[in-house]
Amino acid sequence: AITDALKKKQDTDGTAQMDGYSTALGSGSSTTLTRGYAGAALARIRGNSTEISNEPVSMVVHPYTYNDLVDALSEPLLATGGTGTTAWGGLNEEFVRKYVVGRIANMAIMTDANIAVASNAAKGGVFTKRANVYAELWGVDVQPQDDKSLRGVELNGTMAYAYGERTDTWGVELNLGAAAPTS
């Protein structure tokens, strides 16, 4: 339990880094994640002529936000005979079957439930691997400590790490809706 709590804190601190990018897309709870927002974020990173990055790009969003993307991409279009077709030529069938997107606009998509949700909005992001820096002095260390007043042993967990932003132009904040899905 101690290790899990420390790892959750570490992950929460990491996801908070996405809130620090100078470029932001979306306006909170009223903004639905679409393929357009993903593509716009990628274009902002790739189109920056000041500091060009050709590294792979990833997108991390809250699972509630991701659900909106699933809904948007899996909606069938009705063709003239009333039969359902899809707009993405085969993508939707796999999408609906597996409920997963591995990549969109050539970006890896990941979800993280530790992204904070406030007022039905969550701040995810699109970034290159080197947009942020993570340094760890030591990993999870759990040590027992004898406590005579409790007549027992306390377990104390520690770890030392730091996150920082390396290159701001290699990341884009996504401020998107994250209401709990109901259907």
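Right above here is the structure, for reference.
It should be emphasised that the depicted structure is a prediction, and the values quoted were computed from it without experimental measurement.

S.K.: I keep staring at the layout of surface pockets and nothing clicks. Help me out?
M.R.: Leftover empty space is mapped by rolling, across the atoms, a probe with the size of a water molecule. Put simply, the largest pocket is a space of about 280 Å³. Of all the secondary structure elements, the ones that give two or more residues to the lining of the largest pocket are helix 1 (2-16), strand 8 (121-128) and strand 9 (132-147). Of the residues in the lining of the largest pocket, the class split is 6 nonpolar, 5 polar and 3 charged. Of the voids in this model, the second largest pocket is the one considered here, and its volume is about 190 Å³. Going through the elements one at a time, helix 1, strand 7 (117-118) and strand 8 are the ones with two or more residues in the lining of the second largest pocket. Of the residues in the lining of the second largest pocket, the class split is 8 nonpolar, 4 polar and 2 charged.

S.K.: How do you make sense of the packing of aromatic side chains when you look at a structure like this?
M.R.: A full pass over the atoms with the stated rule returns 3 aromatic pairs. A centroid spacing of 4.9 Å and a plane angle of 50° characterise the contact between Y134 and Y163, whose relative ring orientation is tilted. You can see Y134 sitting in strand 9 and its partner Y163 sitting in strand 10 (residues 152-165), a full 29 residues away along the chain. For Y163, a relative accessible area of 30% translates into the label partly exposed. One aromatic cluster is present, built from ring pairs that chain together Y134, Y161 and Y163.

S.K.: How do you make sense of the environment of A38 when you look at a structure like this?
M.R.: One can find A38 in helix 2 (residues 35-46). Residues A38 and V172 lie 134 residues apart in sequence; the distance between their C-alpha atoms is 9.8 Å. When sequence neighbours within four positions are dropped, the list of residues in contact with A38 reads M59, I104 and M107.

S.K.: What is the right way to look at helix 1 in this model?
M.R.: Each turn of an α-helix holds 3.6 residues, which means side chains three or four residues apart point in the same direction. Between its first and last C-alpha atoms helix 1 spans 21 Å; for 15 residues at 1.5 Å apiece the expected length is 21 Å, and the two agree. At its buried positions, helix 1 is contacted by strand 9 and strand 10.

Thresholds applied
- Residues numbered from 1 in each chain as written.
- Predicted model: local features only at pLDDT ≥ 70, side-chain atom pairs only at ≥ 80, totals over all residues.
- Heavy atoms only, no water.
- 1 Å grid on protein atoms, 1.4 Å probe; cavity = no way out; pocket = protein on both sides within 12 Å on 5 of 7 lines; lining within 4 Å.
- Points joined across faces, edges and corners; volume = space filled by probe spheres on them.
- Helix = DSSP H or I, 4+ residues; strand = E, 2+ residues; numbered from the N terminus.
- Nonpolar A, V, L, I, M, F, W, Y, C, P; charged D, E, K, R; others polar.
- Phe/Tyr/Trp six-rings, centres within 6.5 Å; stacked < 30°, edge-to-face > 60°.
- Buried < 20%, exposed > 50% of the residue type's maximum accessible area, 1.4 Å probe, protein only.
- Contact = heavy atoms within 4.5 Å.
- Expected span 1.5 Å × (residues − 1).

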